[in-house]
Amino acid sequence: DVSWKIHENERWVLFGLNGCGKTTLLRALAGYLGVNKGTIMLDNVPLNNETKTDWRIRSGFVSASFFNQCYRSEPVLEIVLSGLYGHLGVNGKVSASDVVKAKAVLRILGLDKKHQYPYDTLSSGQQQKVLLARALIHEPDMLILDEPFNGLDILGRIQVQELLHDWMKQDGRSMISVTHHCEEITSDYTHAAFMKDGKIYAAGLIQEVFTSKIVGAFLGKTVDVIWNINSQ
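Residues numbered from 1 in each chain as written. Predicted model: local features only at pLDDT ≥ 70, side-chain atom pairs only at ≥ 80, totals over all residues. Heavy atoms only, no water.

A.B. asks: Report on the overall build of the chain, specifying residues and quantitative values.
C.D. replies: In terms of regular secondary structure, the chain is built from nine helices and eight strands. The C-alpha radius of gyration of the chain comes to 18 Å, within 12% of the 17 Å expected for a compact globule of 232 residues. Expressed along its principal axes, the backbone C-alpha trace of the chain runs to roughly 55 × 40 × 30 Å. When burial is assessed residue by residue, the chain has 45% of its 232 residues classed as buried. Sequence separation of at least 24 residues holds for 64% of the intrachain contacts in the chain that already meet a minimum separation of 6. Averaging the coordinates of the 24 positive side-chain charges in the chain and doing the same for the 25 negative ones gives two points 3 Å apart. (Helix = DSSP H or I, 4+ residues; strand = E, 2+ residues; numbered from the N terminus. Rg over C-alpha atoms; globule rule 2.2 N^0.38 Å. Buried < 20%, exposed > 50% of the residue type's maximum accessible area, 1.4 Å probe, protein only. Contact = heavy atoms within 4.5 Å. Lys, Arg positive; Asp, Glu negative; His and termini not counted. Charge placed at Lys NZ, Arg CZ, Asp CG, Glu CD.)

Below, the structure written as structure tokens:
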């Protein structure tokens with residue numbers, strides 16, 4: 001039971017306890033899970049079987065919990081290139097420029113020597129980077145990220161943060177990101193939504209939602225929220 005509107009240039013944190021429905025909601029928003037009631041719209045175009053491929057190309061989706069059920073021994077490069085088609089595999093003729101682009105993104109993420117490795121031979125952090133490269137290769141209008149920093153070491157976190165920061169600087173781009181860790185909520189984010197029991201508990205500008213009063217009521221605990229505005 002969610003009503004939610006996301007505008008261009010808004011970057012949302014989706015925050016909630018385990019089992020509240022965050023990942024299910026993201027899968028639906030990304031076009032990988034159908035809905036049996038209600039409507040999801042992108043620029044007034046409804047998401048359905050006819051529009052889902054174009055929808056997936058316009059939005060980049062990162063979710064290890066979803067894609068680890070889909071990928072096993074597929075080569076890294078093939079997985080990254082699949083993002084161009086809105087499918088789980090490569091569906092069409094791949095151009096040389098597409099391969100160059102895929103390898104360039106993998107190089108930024110420190111995976112330039114892994115492009116022919118089977119997905120299931122990589123560490124969890126490396127797999128996370130592959131999924132991010134898949135999401136970014138087609139320069140989407142929106143990123144939908146389900147715990148994008150899970151499994152990453154300190155260098156991997158820096159690489160991903162820098163890549164996302166550069167992507168967000170371009171006009172007209174929006175993002176939704178799920179996290180359980182407050183230190184991952186940087187000044188790049190503009191809005192926040194709290195989800196509880198399958199519903200949106202609170203939503204709005206991030207510094208109006210992440211307050212001691214709202215977070216305390218949400219958790220049922222006494223909470224002090226302190227903003228470090230100098231932190232990136």
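A.B. asks: Help me get a handle on the packing of aromatic side chains, residues and values and all.
C.D. replies: Applying the stated criterion across every chain yields a total of 15 aromatic pairs. Site record: aromatic cluster; members linked through ring pairs are Phe15, Phe194, Tyr201, Phe210, Phe218 and Trp227. Here Arg56 stacks its cationic end above the ring of Tyr32, 4.1 Å away from the centre of that ring. Directly above the ring of Phe218 sits Lys196, whose terminal nitrogen or CZ lies 5.6 Å from the centroid. (Phe/Tyr/Trp six-rings, centres within 6.5 Å; stacked < 30°, edge-to-face > 60°. Lys NZ or Arg CZ within 6 Å of the ring centre and 35° of its normal.)

A.B. asks: Outline the side chain of Glu184, supporting the account with residue identities and numerical values.
C.D. replies: Secondary-structure assignment places Glu184 in the loop between strand E6 (174–178) and strand E7 (191–196). At a separation of 3.1 Å, a polar atom in the side chain of Glu184 contacts the side chain of Arg157. Excluding residues that lie within four positions of it along the chain, Glu184 makes contacts with Phe149, Arg157, Thr179 and Tyr189. (Polar contact = N/O pair within 3.5 Å; in protein donor to acceptor, adjacent residues only side chain to side chain.)

A.B. asks: Outline the environment of Met175, listing residues and values.
C.D. replies: Relative to the elements of secondary structure, Met175 occurs in strand E6. A relative accessible area of 0% places Met175 in the buried class. For Met175 and Ile6, which are 169 residues apart along the polypeptide, the C-alpha to C-alpha distance reads 8.8 Å.

A.B. asks: Lay out the pairing of E6 with the relevant residues and their values.
C.D. replies: Burial within E6 is extensive, with five of its five residues counted as buried. Because side chains alternate across E6, one face comprises the buried residues Ser174, Ile176 and Val178, and the other comprises Met175 and Ser177, equally buried. Where strand E1 (residues 11–16) meets E6, four bridges bridge the pair, whose relative direction is parallel. Its bridge partner lying in E6, Arg11 is registered against Met175. Of the strand pairs in this sheet, strand E5 (residues 142–146) and E6 are connected by five bridges, and their pairing is parallel. Residue pairing in the sheet places Ile144 in a bridge with Ile176 of E6. (Pairing = 2+ DSSP bridges.)

A.B. asks: Could you give an account of the sheet that holds E1, naming the residues involved and the relevant values?
C.D. replies: In space, the six strands of this open sheet follow the order E4-E5-E6-E1-E7-E8, with mixed pairing throughout. At either end of the open sheet lies a strand with only one pairing partner, and these are strand E4 (59–63) and strand E8 (199–205). Pairs of neighbouring strands in the sheet enclose a mean axial angle of 15 degrees, with direction left out of account. The sheet contact formed by E1 and E7 spans five bridges and is parallel. The residue of E7 that forms the bridge with Trp12 is His191. Those strands touched by helix H7 (residues 154–168) are E1, E5 and E6, and its axis lies near 150 degrees from that of E5. Running at roughly 20 degrees to E7, helix H9 (residues 212–219) makes contact with E1, E7 and E8 of the sheet. (Axes fitted to C-alpha atoms, helices over the stretch in contact; angles between N-to-C directions.)

A.B. asks: A description of the pairing of E1 should follow, citing residues and the corresponding values.
C.D. replies: Among the six residues of E1, six are classified as buried, and the element is accordingly described as predominantly covered. Covered by surrounding structure in E1 are Arg11, Val13 and Phe15 together with Trp12, Leu14 and Gly16, the residues of both alternating faces.

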